[in-house]
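What the coordinates show
Residue-level listing of the chains:
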Amino acid sequence: CFLVAYETGTEALIGDMLAAVAGLESPDWRARLRASMEVYTGTLAAEPDLARVFLIDVLGAGHRAVELRRRVYERYVDQYRVLGALAAEEDRGIAPVPDLFLRALVGGIGELVQAHILDHGAATLTDMTPDLLALATAVFEGTARLR
C-alpha cells in the first residue's frame, strides 16, 4: 500500500508541476522553474502527511521504496535536464548542466526540504521557495563558469 501511495502521490505532484508550466503564457526557463517550484513547495505545504511520506517515511520503507524514490528523483533530473537545455538555448551565457550537477540539485533540494519538514513542519515549506529557486538558478547560471 505504501509503495502505491508513494507512486500515485509523486505522479500527481509531477503532473501538477508539468501542468503549471504548460499553463504559462510566455514561459522562459526562469518562469518555468518558478512555476514548478511553487507547485512543489505549495503542494507539500498543503499536504503535510504527503510531504512526510515523500521525503522522510520513504527512506525507512525498505529497498523497493528506496528504489522507487530513486526513480522519482531521476524524473526530476530529467525535468531539470530539459529546463537546462532550454536555458542554454535562451541564454548564450548558460551551458548545458552536467547530469552530476542535476542529481546534486535534486538531492540537495530533497535534503533541504526534508530538514525543513523535520525542523519546522511541512506547513511552512513555501517559505523555502525563494531559496530553492536561487539554488537552482545558481546551478544553471554557474555551470558555464566552472568549465
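Residues numbered from 1 in each chain as written. Predicted model: local features only at pLDDT ≥ 70, side-chain atom pairs only at ≥ 80, totals over all residues. Heavy atoms only, no water.

**Remarks on the overall build of the protein chain**
Which entries qualify depends on this criterion: Here a helix means four or more residues in a row that DSSP labels H or I, a strand means two or more in a row labelled E, and each is numbered from the N terminus. In this treatment the radius of gyration is a C-alpha quantity, and the globule benchmark scales as 2.2 Å times the residue count to the 0.38 power. Burial classes: relative accessible area under 20% of the type maximum marks a residue as buried, over 50% as exposed, and values in between as partly exposed (1.4 Å probe, protein chains only). Throughout, a residue-residue contact means that at least one pair of heavy atoms, one from each residue, lies within 4.5 Å. Each accessible area is a Shrake-Rupley result for a 1.4 Å probe, and residues are judged covered by the shown protein chains and nothing else. Charge convention: Lys and Arg are scored as positive, Asp and Glu as negative, and His as well as the terminal groups of each chain are ignored. Charged groups are reduced to one reference atom each: NZ for lysine, CZ for arginine, CG for aspartic acid, CD for glutamic acid.
From N to C terminus, the protein chain includes 6 helices and 0 strands. For the protein chain, the C-alpha radius of gyration of 15 Å lies close to 15 Å, the compact-globule estimate for 147 residues. Per-residue burial over the protein chain gives 41% buried out of 147 residues. Considering only residue pairs separated by 6 or more positions, the protein chain has 75% of its internal contacts joining residues 24 or more positions apart. With the model as given, the accessible surface of the protein chain reaches about 7,800 Å², and the carbon-plus-sulfur share is 57%. One finds the centroid of the 14 positive side-chain charges in the protein chain at a distance of 7 Å from the centroid of its 21 negative side-chain charges.

**Examining the pattern of salt bridges**
Just so we agree on the cut-off: By definition, a salt bridge exists where a carboxyl oxygen of Asp or Glu is found within 4 Å of a side-chain nitrogen of Lys or Arg.
Taken as a whole, this structure holds 8 salt bridges when the rule is applied. Between Glu141 and Arg30 there is a salt bridge whose closest N-O contact spans 2.3 Å. Remark: Arg30 occurs in helix H2 (residues 29-46) and Glu141 occurs in helix H6 (residues 129-146); sequence separation between them is 111 residues. Overall, the relative accessible area of 28% leaves Glu141 in the partly exposed class.

**With respect to the packing of H2 against helix H4 (residues 63-90)**
The test is simple: To get an axis, fit a line to the C-alpha atoms, keeping to the stretch in contact for a helix; angles then go from 0 to 180 degrees between the N-to-C directions. Note on angle classes: values under 35 degrees are labelled roughly parallel, values over 145 roughly antiparallel, values of 65 to 115 roughly perpendicular, and the remainder oblique. Put simply, Ala, Val, Leu, Ile, Met, Phe, Trp, Tyr, Cys and Pro go in the nonpolar bin, Asp, Glu, Lys and Arg in the charged bin, and everything else, Gly too, in the polar bin.
For the pair H2 and H4, the least separation of the axes is 9 Å and the interaxial angle reads 155°. Between H2 and H4, the interaxial angle falls into the category roughly antiparallel. Here Trp29, Arg32, Leu33, Met37 and Tyr40 of H2 come into contact with H4, specifically with Tyr76, Tyr80, Leu83, Leu86, Ala87 and Glu90. Here the residues of the contact of H2 with H4 are counted per class, giving 9 nonpolar, no polar and 2 charged.

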